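Structural features, examined
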Amino acid sequence: MADRQDQETALQRETRLTGDVSLLIAVQGALQAFMGKANQALARRVVGRFCQSKDALDFVDRVKDYLGNLNEGILNTLFLTIQKKVQSLEQSQNGTPQLSEILESDQSLLGGVIKPRKLLGVGEVAYKRRATNLGLERLAKAKRERQNTV
């Protein structure tokens, strides 16, 4: 029973993939290259048809409504592009922790400034304080001193 609940249905997969921004941007870029025009709604429809199709030939038949002026070779290439992108997304979701989780666990607050100690195993990150040529630091310090004395 637990295995059945853990499995993702086809509709859930389609909803997840059509909501993935990086996949939509990749498809939109491919459509822009192939057709010269593209938008996010068209990319979402193409990804939806990808999820509904069984193989490349089925995808070509389903997507002809939206991309009828493209030949089958280009549509097969689009299918393979989407397929590889989806595989890489699923591998990244299964195998590695999310980048935000890594960064959140590795930050410490020091006076309101985030100072990362180790960022993805790189080591210390050195920040260099920049001095301005306009003397704004001196003016700001004088203003703070005046406000503190009042």
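Residues numbered from 1 in each chain as written. Predicted model: local features only at pLDDT ≥ 70, side-chain atom pairs only at ≥ 80, totals over all residues. Heavy atoms only, no water.

Quick look at the packing of aromatic side chains
The test is simple: Here a pair means two rings of Phe, Tyr or Trp (six-membered ring of Trp) with centres within 6.5 Å. Their orientation is stacked below 30 degrees between planes, edge-to-face above 60, and tilted elsewhere. A simple rule labels every residue: compare its accessible area, found with a 1.4 Å probe on the protein chains alone, to the largest value its type can have, and call it buried under 20%, exposed over 50%, or partly exposed in between. To qualify as a helix, a DSSP run of H or I must reach at least 4 residues; to qualify as a strand, a run of E must reach at least 2; elements of each kind are numbered from the N terminus.
Using the criterion set out here, one finds three aromatic pairs in the structure. Ring centres of F50 and F59 lie 6.3 Å apart, and the angle between their planes is 75°; this geometry places the pair in the edge-to-face category. For the pair F50 and F59, one class covers both residues: buried. Note on F59 and F79: the rings are 5.5 Å apart at their centroids and 45° apart in plane angle, and the pair reads as tilted. Separated by 20 residues along the polypeptide, F59 in helix α5 (residues 56–63) and F79 in helix α6 (residues 72–95) bring together distant segments of the chain. By the burial criterion, F59 is buried, and F79 matches it. An aromatic cluster is defined as three or more aromatic residues linked by ring pairs; in this entry it consists of F50, F59 and F79.

Structural notes on the nonpolar core
One broad trend across soluble globular proteins is that nonpolar side chains are buried collectively. Spelled out, the test is: Here the nonpolar core consists of buried residues drawn from Ala, Val, Leu, Ile, Met, Phe, Trp, Tyr and Cys, with membership extended through side-chain atoms lying within 4.5 Å. For this analysis, residues touch if any pair of their heavy atoms sits within 4.5 Å.
Counting residues in hydrophobic clusters, the biggest one holds 23 residues, and the most contacted among them are V46, L67 and I82. Looking at this core, the elements that each hand over two or more residues are α3 (21–35), α4 (40–52), α5 and α6. In contact with V46, not counting residues within four places along its chain, are V27, L31, F59, V63, L67, L78 and I82.

Details of the confidence of the model for the protein
In plain terms, the rule: By definition, pLDDT measures how confident the predictor is in each residue, and it falls between 0 and 100.
Confidence in the prediction of the protein, expressed as mean pLDDT, is 76, and 70% of residues score 70 or more. Here strand β1 (residues 109–110) stands out as the element of the protein with the lowest mean pLDDT, 48, in contrast to α5, whose mean of 90 is the highest.

Here we look at the side chain of S53
Rule in force here: N or O atoms within 3.5 Å of each other form a polar contact, as long as, within protein, one can give a hydrogen and the other can take it, and as long as residues adjacent in sequence are counted only when both atoms are side-chain atoms.
Its location among the elements puts S53 in the loop between α4 and α5. Its relative accessible area of 11% is what places S53 among the buried residues. Polar contacts involving the side chain of S53 include one to the main-chain carbonyl oxygen of F50, which spans 2.9 Å. Ignoring anything within four residues of it in the chain, the contact list for S53 reads D58, F59, R62 and F79.

Quick notes on the side chain of D20
To keep it simple, the criterion reads: In this tally, Asp and Glu contribute negative charge and Lys and Arg positive charge; neither His nor the terminal groups of the chain are included. In the sections that follow, a salt bridge refers to a side-chain nitrogen of Lys or Arg positioned within 4 Å of a carboxyl oxygen of Asp or Glu.
Tracing the backbone through its elements, the reader meets D20 in the loop between α2 (10–18) and α3. Within the buried core, D20 has no salt-bridge partner, and the shortest N-O distance to an opposite charge, that of R16, equals 6.0 Å. Looking at D20, its side chain comes within polar contact range of the side chain of S22, at 2.7 Å. Not counting the four nearest positions on each side in its chain, D20 is found in contact with L89 and Q93.

Description of the packing of α3 against α4
Packed helix pairs are specified by the crossing angle of their axes together with the interaxial distance, meaning the distance between the axes. We apply this condition: For helices, the fitted axis covers only the stretch in contact; all axes are lines through C-alpha atoms, and the angles between them, taken along N-to-C directions, range from 0 to 180 degrees. When describing relative orientation, an angle under 35 degrees is termed roughly parallel and one over 145 degrees roughly antiparallel, while 65 to 115 degrees is termed roughly perpendicular and anything else oblique. Residues are grouped as follows: Ala, Val, Leu, Ile, Met, Phe, Trp, Tyr, Cys and Pro are nonpolar; Asp, Glu, Lys and Arg are charged; every other residue, Gly included, is polar.
In contact at an axis separation of 9 Å, α3 and α4 are set at 105° when each is read in the N-to-C sense. Between α3 and α4, the angle falls in the class roughly perpendicular. Contact residues: α3 offers L23, L24, V27, Q28, L31 and M35, while α4 offers Q40, L42, A43, R44, V46 and V47. Class assignment of the residues belonging to the contact of α3 with α4 gives a composition of nine nonpolar, two polar and one charged.

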